[in-house]
Amino acid sequence: MVASSVLGFPRIGANREVKKAVEAYWAGKISADDLTKAAADVKKTNWTTIKAQGVDLVPSGDFSLYDHVLDHSAAFNVIPKRYTGHDLSPLDVYFAMGRGRQAAGVDVPASEMKKWFDSNYHFVVPEFAEDTDFKLVFNKALEEFNEAKAAGVVTRPVVLGPISFLYLGKAAKGSSAGFQPISLLPKLLPVYKQLLADLKAAGVEWVQIDEPILVLDAAQDYHTQFASVYAELAPISPKILLTSYYGRLDSNLSFVAKLPVAGLHIDLDRAPSQLDEVLAAIKPTNIVLSLGVVSGRNIWKTDLSAAIKLGQKAIDALGADRVIIATSSSLLHTPVTLAAETKLTAEQKDWFAFATEKAKEVATIASVLSGSQDAKVAEALEENKVSIAKRREFERTSDDAVRKRVAAITPDMWARKSPFSVRREIQQKALNLPKFATTTIGSFPQTKEIRTARAKLTKGEITEAEYDDFIKKEIESVVRFQEKIGLDLLVHGEPERNDMVQYFGERLNGFVFTQNGWVQSYGSRYVRPPIIVSDVSRPGPITIQWSSYAQSVTDKPMKGMLTGPVTILNWSFPRADVSREIQCKQLSLALRDEVVDLEKAGIKAVQVDEPALREGLPLRKADWDEYLGWSVSSFKLATAGVTDALQTHSHFCYSDFDDIFPSIQALDADVISIEASKSDLKLLNTFKQYGYSNQIGPGVYDIHSPRVPSEEEIKERIAAMLATLTDDLLVINPDCGLKTRGWKETEASLVNLVNAARWARKTYA
Ligand code: MET
Ligand SMILES: [Zn+2]
């Protein structure tokens, strides 16, 4: 019998129930009990849904109200001191860690957030100190196992592994130099033992322990750490399924195959070629192999026949009892169900599988491999063959003009005409900005009124012209606001955009959209990634009318605002039949035309955002050059079609840039803005290390939290930056767009920012 399994499921609810409940709780509209109840309903629906698809091993413990790494930190008492002692309930401490808290005498910023591997999901970075006092505050894995059992589903609890937990975390501020979280392993292990022993006592058969760091280049000591940790855990634990996902095990396989675990999960979606060596390595052991053949990262229907072949290969080597068919990773990166989509054409719908459909796919593959004679299984397999054939047929169509244009790209097309120093002078004349120029990253609060107007337009309750008028009024008021508080380089505020990627996707050929395809990005923030289904091109101008309108109502310079090619690609579900590089180049050419049109329309500065450049970086260093090569040239291709007088900006947020900083310099944007506030300005060390020649605005405050930074705080940050950056290169801005913020905190924060910049002009005159 070949078993089927799912590694994790979206925790947002089919109708975004979790977002709604969490935000209502934050707003004081529902109680903690109501929130717990709403969460319980979603968990129960998830378990029963997965089971109903025929899956044998259903996950539990993967649910989260905010972030699963944060859950884990809270459960293990890894709670920085700044969040304790305020007389907050554990739930409020938890949310304070996730998003900061500023109320009733409590004023604490959020913890640092980082991208989860190469995905657009963000986790809250655990902070470890030498005196971190690990204890099991609550056993989430056990509680949710029991909860699922009571709902009639026996599950496989999911736990983040100890080594990944420590490596994903950081040393708390004030730790002694050289302190490394991994040194806490001996102190942490007893708590894991307690957790696992409790699971075993509760009758848990299998526990899934996630060690995703196994797909990263091995730290030197991985080998001994894994060997000693799992030797200690295995005897007292339920059967351990050790999982790796998002990439290949590579050289880590040599020690992983020797661990005393009952099962090993590998990602065959991202790294199909590792199957042979894994089979060879574990054949002499008793390890059960979980094959991640159904992608947890994209939304394309699995080619079941191809997956069955891989499964059969594993069965031939190991026997059916040692094979599990699984999703490649948790399905948290995919929308809940295709069933809710009513606007996709039948042809399009037939191409896709979302989380629920993917659960069914693993079950079908496992049934076929188990020799099932069930007519329904045979039928599902047949239907899949037809769907895959149809998609292949569609893939043969192409937009020849786009293909030709991509083939004709030459390197001179992606170089600016003159070097930065020359451009700078020309641009300074055109823009006339003061020293320490202030600007924002683009979006202003997306208010209820804006969302309502958009919804009305979608429902046909207002006309296109009425909507456009509304947007113009919004733009004008955002412009007046910026003038009033004294910002220097203005933006139009992006009120017309539902989402920075979706907005462009909807105006380009080659994309399709879902109505309800939400995927969690961080906390209660979900996105609906567009899907690239065919060649991409620009049927006409996208942003020109709004940017030129905004410029027409002010004498101050207006910055045009576009989402960059790499980010559109990385935040979409890409097609699987054409390389990412080619898809990116197609996007670049479309955006290049838009940038040129903005300049023609009289716009003097254009920002092309690339917040997702870093996240697309391959997990293995050996693969970096290839990616950085085409992504950097794609950005440049999009921005180099203009004259020297156009000031190009780019923006990056959420991640560590240390390792790719030379590539950021290579983009040759005239100005970059970059997240720095949450990572404790450690970025500044990067500037020190590599130097930076163009203008730069490391964010002076964190916009991901409603907390208002004081003027003093911002001055301190500016002063800290000036210890490393020369004053004529520094630009003053928040660390990201303001669309998730309310107007009140936006105004207060920006007033402080402008005042701090004025202070800097005097102080560093
Ligand atoms: C995630 S980066 C966001 C950049 C965009 N221009 C904004 O201000 O919202
Ligand atoms: Zn940003």
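Remember, it's a predicted structure, so these values are computed and weren't measured experimentally.

So, how was this worked out
Residues numbered from 1 in each chain as written. Chains lettered and ligands numbered in written order. Predicted model: local features only at pLDDT ≥ 70, side-chain atom pairs only at ≥ 80, totals over all residues. Heavy atoms only, no water. Helix = DSSP H or I, 4+ residues; strand = E, 2+ residues; numbered from the N terminus. Rg over C-alpha atoms; globule rule 2.2 N^0.38 Å. Buried < 20%, exposed > 50% of the residue type's maximum accessible area, 1.4 Å probe, protein only. Contact = heavy atoms within 4.5 Å. Lys, Arg positive; Asp, Glu negative; His and termini not counted. Charge placed at Lys NZ, Arg CZ, Asp CG, Glu CD. Donors = N, O, S within 2.8 Å, 3.2 Å for Na, K, Ca; no water. Tetrahedral: all angles 85-135°; square planar, octahedral: opposite > 155°, others 65-115°. Disulfide = S-S within 2.5 Å. Axes fitted to C-alpha atoms, helices over the stretch in contact; angles between N-to-C directions. Parallel < 35°, antiparallel > 145°, perpendicular 65-115°, else oblique. Nonpolar A, V, L, I, M, F, W, Y, C, P; charged D, E, K, R; others polar. Salt bridge = Lys/Arg side-chain N within 4 Å of Asp/Glu carboxyl O. Pairing = 2+ DSSP bridges. Near = heavy atom within 4 Å. Polar contact = N/O pair within 3.5 Å; in protein donor to acceptor, adjacent residues only side chain to side chain. Areas by Shrake-Rupley, 256 points an atom, 1.4 Å probe, with all protein chains shown as cover. UniProt positions renumbered as here; feature names shortened; annotations may be inferred. Domains from an automatic or database assignment. Buried area = accessible area lost by both parts, 1.4 Å probe.

## A few points about the overall build of the protein chain
Each helix and strand in the protein chain was counted, giving 27 helices and 23 strands. Taking 765 residues into account, the globule formula puts the C-alpha radius of gyration at 27 Å, and the protein chain, at 26 Å, falls close to it. With the C-alpha coordinates of the protein chain rotated into their principal frame, the extents come out at 75 × 60 × 50 Å. A buried classification covers 61% of the 765 residues belonging to the protein chain. At a minimum sequence separation of 6, the contacts of the protein chain that also span at least 24 residues come to 79%. Positive and negative charge centroids in the protein chain, built from 91 and 97 side chains respectively, lie 1 Å apart.

## Remarks on the coordination of the zinc ion (ligand 2)
Within the first shell, the zinc ion (ligand 2) binds the protein through H651 (NE2), C653 (SG) and C736 (SG), at distances of 2.1 to 2.3 Å. Taken together, the four donor atoms coordinating the zinc ion (ligand 2) span angles of 101 to 124 degrees at the metal, a pattern that classifies the geometry as tetrahedral. Spacing between the donor residues of the zinc ion (ligand 2) along the chain follows H-x1-C-x82-C. On the criterion of sequence distance, the pair formed by H651 in strand β21 (residues 647–652) and C736 in the loop between α26 (711–722) and α27 (743–763) is long-range, its members being 85 residues apart.

## Observations regarding the environment of S524
The topology assignment puts S524 in the loop between β16 (519–522) and β17 (525–527). Residue S524 is classed as buried on the basis of its relative accessible area, which comes to 10%. With 506 residues separating them in the primary sequence, S524 and V18 have C-alpha atoms 7.6 Å apart. Excluding its chain neighbours within four sequence positions, the residues that come into contact with S524 are K19, V22, E23, W26 and Y66.

## Let's talk about the state of the cysteines
Joining two cysteines, a disulfide is a covalent bond between their sulfur atoms. A full pass over the atoms with the stated rule returns zero disulfides. Free cysteine: C584, not disulfide-bonded; nearest cysteine sulfur from C653 at 17 Å. On the basis of relative accessible area, C653 is assigned to the buried category, the value being 2%.

## As for the packing of helix α1 (residues 17–26) against helix α2 (residues 32–52)
Each packed pair of helices is defined by two parameters, the angle between the axes and the distance between the axes. Direction vectors running N to C along α1 and α2 enclose 175 degrees, while the axes themselves pass 9 Å from each other. Considered as vectors, α1 and α2 are oriented roughly antiparallel to each other. Contact residues: E17, V18, A21, V22 and Y25 in α1; A32, L35, A38 and V42 in α2. Its residues assigned to classes, the contact of α1 with α2 comprises eight nonpolar, no polar and one charged.

## With respect to the pattern of salt bridges
Counted according to the given criterion, the structure contains 52 salt bridges. Between E393 and R396 there is a salt bridge, with the nearest N and O atoms lying 2.8 Å from each other. Since its relative accessible area comes to 61%, R396 is described here as exposed. The partner of D535 in a salt bridge is R575, and the shortest N-O contact between them spans 3.0 Å. A residue pair is termed long-range when its members are at least 10 positions apart, and D535 in strand β18 (residues 531–537) and R575 in the loop between α21 (565–570) and α22 (580–600) qualify at 40 residues. Counted as one network, the salt bridges with shared partners bring together R391, R392, E395, R403, D535, R575 and D577.

## Describing the pairing of β16
Two faces make up the sheet, and in a regular strand the side chains alternate between them. In this structure, β16 lies alongside β17, joined through three bridges in antiparallel fashion. Note that in β17 the partner of V519 across the bridge is V527. What sits between the antiparallel neighbours β16 and β17 is a turn of two residues, in which G523 has the positive phi angle 50 degrees.

## As for the site of ligand 1
I441, S443, E494, D609 and G737 are the nearest of the 14 residues found near ligand 1. Residue S443 places a side-chain N or O atom 2.7 Å away from an oxygen atom belonging to ligand 1. Residue D609 places a side-chain N or O atom 2.6 Å away from a nitrogen atom belonging to ligand 1. Taking 300 Å² as the accessible area of ligand 1 by itself, protein coverage stands at 96%. Classifying every residue of the shell around ligand 1 by side-chain character gives seven nonpolar, four polar and three charged.

## Details of the UniProt feature "binding site: Zn(2+)" (unreviewed entry) in the protein chain
Under the present numbering, the feature "binding site: Zn(2+)" (unreviewed entry) in UniProt falls on H651, C653, E675 and C736. The largest pairwise C-alpha distance within this set of annotated residues, which runs over 86 residues, is 8.4 Å, so the set is compact in three dimensions. Ignoring any residue separated from it by four or fewer positions in sequence, one finds H651 in contact with I441, Q607, V608, D609, E610, P611, S673, D735 and C736. Owing to a relative accessible area of 12%, C736 belongs among the buried residues under this scheme.

## Some words on helix α5 (residues 140–150)
Within α5 the residues assigned to the buried category are K140, A141, L142, E144, F145 and A148. Where α5 is buried, its residues touch α2, β2 (58–60), α3 (68–75), β8 (155–160) and α7 (185–201). Positive phi shows up at G152, right after α5, with a value of about 90 degrees.

## Considerations on the domain arrangement of the protein chain
Annotation of the protein chain at the domain level lists domain 1 (3–12 + 49–80 + 112–395) and domain 2 (400–763). Centre-to-centre separation of domain 1 and domain 2, based on C-alpha positions: 34 Å. Each side of the interface is counted separately: domain 1 has 45 residues, and domain 2 has 40 residues. Surface buried jointly by domain 1 and domain 2 totals about 3,600 Å² across both partners, of which 54% is contributed by carbon and sulfur atoms. Our count for the domain 1 to domain 2 interface comes out at five salt bridges. A salt bridge links D250 to R620, with the shortest nitrogen-to-oxygen separation between them at 3.8 Å. Where domain 1 touches domain 2, the interface holds 21 residue pairs in polar contact (both at pLDDT 80 or more). Among the secondary structure elements, those contributing two or more residues to the side of domain 1 that touches domain 2 are β5 (113–115) and α14 (375–395).

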